[in-house]
Amino acid sequence: SGKMPKGHGMSDRLLRTRKILESVGQEHVLGFYENQDEVGKQNLLDQIASIDWSEAARLVETHVKHHVSFTLPETIEPAPWYPNVPTEDLKEQYQRARERGEELVGEGKVAVFTVAGGQGTRLDYNGPKGMFPATPITGTSLFACLAGYLRKVQEKFEAAVPWYIMTSPVNDADIRAFFEQNQYFELDPTMVIMFPQQMMPTFDATTAKVLLEAPGRLALSPNGHGGSLKALHTSGAIADMKRRGIEQISYTQVDNPLVHMIDPLFIGLHAIDGAQMSSKMLPKASPNEKVGVFCLLDGKVSVIEYSDLPNTLAEQRLENGQLRFRAGSIAIHLIHVDFVESLNSRRGHFALPFHRAEKIVPYVDFNSGKIVESKAPNAVKLEMFVFDALPLCATSIVYETARLDEFAPIKNACGADSPQTSRALQMERAARWLTTHGVRVPRDVEGKLNATIEIRPTTAICADDLRSVPLPVAIEPGGE
Ligand code: UTP
């Protein structure tokens, strides 16, 4: 077939593509194909080829044309958890767990995994969220904070800890360039493994047609953090982990500069209990805090989204006044490598369900070719959530962490969970660490911190690490 005239291969490909699209009622996405130049045509066909159209067709029926409503099961109980501070009868178990966790890390059997494929729409930052300057004094980026943490871990445990980072086709090139420019933040580049997650088409909410964001481009969005459990497999990351002898994956998000990417106690509790996937929780600050809650649904540890938890349950209190359903999910998990494999080797399709979200998405009008900006939600996006894997575990544990110790998320441009609140929380933790070593930290009469403090993760990732650091007697008030 070397004699085929030039361009023939392309029209073959076009025909094949059209056929697939026709079989699922989405051939309109080729409506402006002929108006594109050669590169544009190629890109459009590539984009179409990246989509699993039979999956899309199935989801149109189940999730776009219809709403899958969440029904609360008959029995719903709070999930049990390991408390942050061990009770007397747990002390020995915690000691053993910490040692086991340290052993696993020291033997190089634990990898850290950061999901960074999200669009970060709420933060409204011009770039991948991981590049956002997060710290109060040096304006260190989220990626650099995490990298610093990892360097400190490798130094403390004298162990190799590979770092897997899930990007998306949208931010992958920017993230790779950022790591290159910063010489991988002094990490060994062969130990930093990036791979993009898959994208999903965006559908018109009334017609269920796939939307175009430009005449020659589909409107696609990342398939949710749950897509990480699929992409780990399809990208070859799991195979790479197996080659390196990795057994456990420490899963965290890109948007929390205080997160403990490696927590030996949590690792040990999870490993000794033989759990497939485990979670950290924080007691909810109030009944309406917008976090999912760990429950037992039909006996299985599950996360119920805050919008799905009935008010009557959210507000239920125990005799001591504490919320009955208070174990809030903060998206920190430990996942056994074999569990990821099992999710991907079930017959049929990948094990996690999709969730429907209605969004405002600008789109190309199929008749005029012009961009239309809708005022009300006009589109359906489909996403998978990582915590949907929990009920598929035979064993799953929950461990309570301390809010001030590892939770300073950056989600919104301002208000709650914003760069401002995150910086304040970072400084508060630093202040408490300094205080434990006798350093005087200036506070006003209400106890509010009156200083600007930052402790680099390469200096300390826990209060104890400051023991070997020369510290001042007191911190100067003010700053900024
Ligand atoms: P969020 O759910 O907070 O979403 O992601 P987001 O994309 O960061 O921000 P918004 O909602 O658009 O404002 C939690 C974590 O999951 C990752 C994010 O990068 C973040 O670390 N994530 C989310 C993915 O990796 N892929 C996705 O498809 C969605």
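Residues numbered from 1 in each chain as written. Predicted model: local features only at pLDDT ≥ 70, side-chain atom pairs only at ≥ 80, totals over all residues. Heavy atoms only, no water.

1. Observations regarding the pairing of strand 12 (residues 293–297)
Spelled out, the test is: Only protein chains enter the area calculation, which uses a 1.4 Å probe; residues under 20% of their type maximum are buried, those over 50% are exposed, and those in between are partly exposed. Working definition: helices are DSSP H or I runs of at least four residues, strands are E runs of at least two. Numbering for both runs from the N terminus. By this definition, two strands are paired if DSSP reports at least two bridges between them.
Across the five residues of strand 12, four count as buried, placing the element largely inside the fold. Strand direction decides the pairing type here: strand 1 (residues 76–78) and strand 12, joined by three bridges, are antiparallel. Opposite glutamate 77, over in strand 12, you have leucine 296 as the bridge partner. Strand direction decides the pairing type here: strand 12 and strand 13 (residues 300–304), joined by five bridges, are antiparallel. Counterpart to valine 293 in the pairing with strand 13 is isoleucine 304. Here strand 12 folds back onto strand 13, and the loop between the two strands holds two residues, one of which, aspartate 298, carries a positive phi near 50°.

2. Here we look at the pattern of salt bridges
Inclusion rule: A pair is scored as a salt bridge if a Lys or Arg side-chain nitrogen falls within 4 Å of a carboxyl oxygen belonging to Asp or Glu.
One pass over the full model with this rule turns up 27 salt bridges. With a shortest N-O distance of 2.9 Å, aspartate 46 and arginine 13 are connected by a salt bridge. Of this pair, aspartate 46 sits in helix 2 (residues 38–49) while arginine 13 is found in helix 1 (residues 8–23), placing the two residues 33 residues apart along the sequence. We note a salt bridge from glutamate 341 to lysine 242, for which the minimum N-O separation is 4.0 Å.

3. A few points about the side chain of serine 168
The following threshold applies: Contacts: residue pairs with any heavy atoms within 4.5 Å of one another.
Relative to the elements of secondary structure, serine 168 occurs in the loop between strand 3 (163–167) and helix 6 (172–181). We classify serine 168 as buried; its relative accessible area is 1%. With near-sequence residues (within four places) excluded, serine 168 lies in contact with Gly117, Pro196, Gln197 and Pro222.

4. Some thoughts on the site of the ligand
Here is the rule we go by: Any residue with a heavy atom positioned within 4 Å of a molecule or strand is treated as near that molecule or strand. For this analysis, a polar contact is any N or O atom pair within 3.5 Å, provided that within protein one partner can donate a hydrogen and the other can accept it, and provided that sequence-adjacent residues contribute only side-chain to side-chain pairs. Reported accessibility uses the Shrake-Rupley method at a 1.4 Å probe radius. Residues are deemed covered only where the shown protein chains occlude them.
As a structural note, the neighbourhood of the ligand is formed by 17 residues, with Val115, Thr121, Arg122, Gln197 and Lys411 the closest of them. Between valine 254 and the ligand, the recorded distance is 3.2 Å, taken from a backbone N or O atom to an oxygen atom. When the ligand sits alone it has 560 Å² of accessible area, and the protein chains cover 87% of it.

5. Quick look at the packing of helix 8 (residues 237–244) against helix 11 (residues 337–344)
Short version of the rule: Axis lines are fitted to C-alpha atoms, over the contacting stretch for helices. Their N-to-C directions set the angle, which ranges from 0 to 180 degrees. Throughout, the term roughly parallel applies to angles under 35 degrees, roughly antiparallel to angles over 145, roughly perpendicular to angles from 65 to 115, and oblique to all others. Less than a right angle of anticlockwise turn of the near helix away from the far helix marks a crossing as left-handed, whereas a clockwise turn marks it as right-handed. Gly counts as polar in this scheme, as do all residues outside two lists: the nonpolar Ala, Val, Leu, Ile, Met, Phe, Trp, Tyr, Cys and Pro, and the charged Asp, Glu, Lys and Arg.
Relative orientation of the contacting elements helix 8 and helix 11 amounts to 150°, with a least axis distance of 11 Å. One finds that helix 8 runs roughly antiparallel with respect to helix 11. Remark: the crossing between helix 8 and helix 11 carries left-handed chirality. Contacts from Ile238, Met241 and Lys242 of helix 8 reach helix 11 at Val337, Asp338, Val340 and Glu341. Its residues assigned to classes, the contact of helix 8 with helix 11 comprises four nonpolar, no polar and three charged.

6. What to know about the sheet that holds strand 18 (residues 379–383)
The strand order across the open sheet built from three strands is 6-18-15, with neighbouring strands paired in antiparallel fashion. Every other strand in the sheet has two partners, leaving strand 6 (203–204) and strand 15 (355–359) as the edge strands with one partner each. Pairing between strand 6 and strand 18: two bridges, direction antiparallel. Of the residues in strand 18, the one forming a bridge with phenylalanine 203 is valine 380. Lying on the sheet, helix 3 (residues 53–64) is in contact with strand 6, strand 15 and strand 18; it crosses strand 18 at an angle near 110°.

7. Remarks on unusual backbone geometry
Of note, glutamate 158 is a non-glycine position whose phi angle comes to about 45°, a positive value. Counting through the fold element by element, glutamate 158 comes out in the loop between helix 5 (142–157) and strand 3. Phi at alanine 331 is positive, roughly 60°, even though this residue is not glycine. Residue alanine 331 is classed as buried on the basis of its relative accessible area, which comes to 15%.

8. Comments concerning the confidence of the model for the protein
For clarity, the cut-off: The score called pLDDT rates the predictor's confidence residue by residue, from a low of 0 to a high of 100.
Residues with a pLDDT of 70 or more make up 97% of the protein, whose mean pLDDT is 95. Averaged pLDDT values over the elements of the protein bottom out at 90 in helix 1 and peak at 99 in strand 3.

9. Points about the packing of aromatic side chains
Put simply, the test is: Any two of the Phe, Tyr and Trp rings considered here, Trp counted by its six-membered ring, make a pair once their centres fall within 6.5 Å; the pair's planes then place it as stacked at under 30 degrees, edge-to-face at over 60, or tilted in between.
Counted by the stated rule, this structure contains twelve aromatic pairs. Residues phenylalanine 179 and phenylalanine 185 carry aromatic rings whose centres are separated by 5.1 Å and whose planes lie at 90° to one another, so their mutual orientation is edge-to-face. By the burial criterion, phenylalanine 179 is buried, and phenylalanine 185 matches it. For the ring pair phenylalanine 266 and tyrosine 399, a centre distance of 5.9 Å and an interplane angle of 20° mean the geometry is stacked.

10. Brief notes about the nonpolar core
The condition is simple: Side-chain atoms within 4.5 Å link the members of a nonpolar core, which is a set of buried Ala, Val, Leu, Ile, Met, Phe, Trp, Tyr and Cys residues.
In this structure, Phe113, Leu218, Leu229, Leu232, Ile249 and Phe294 are the most contacted members of the largest nonpolar core, which totals 65 residues. Grouped together as the second largest cluster of nonpolar side chains are 45 residues, Leu104, Val161, Leu187 and Ile262 included.

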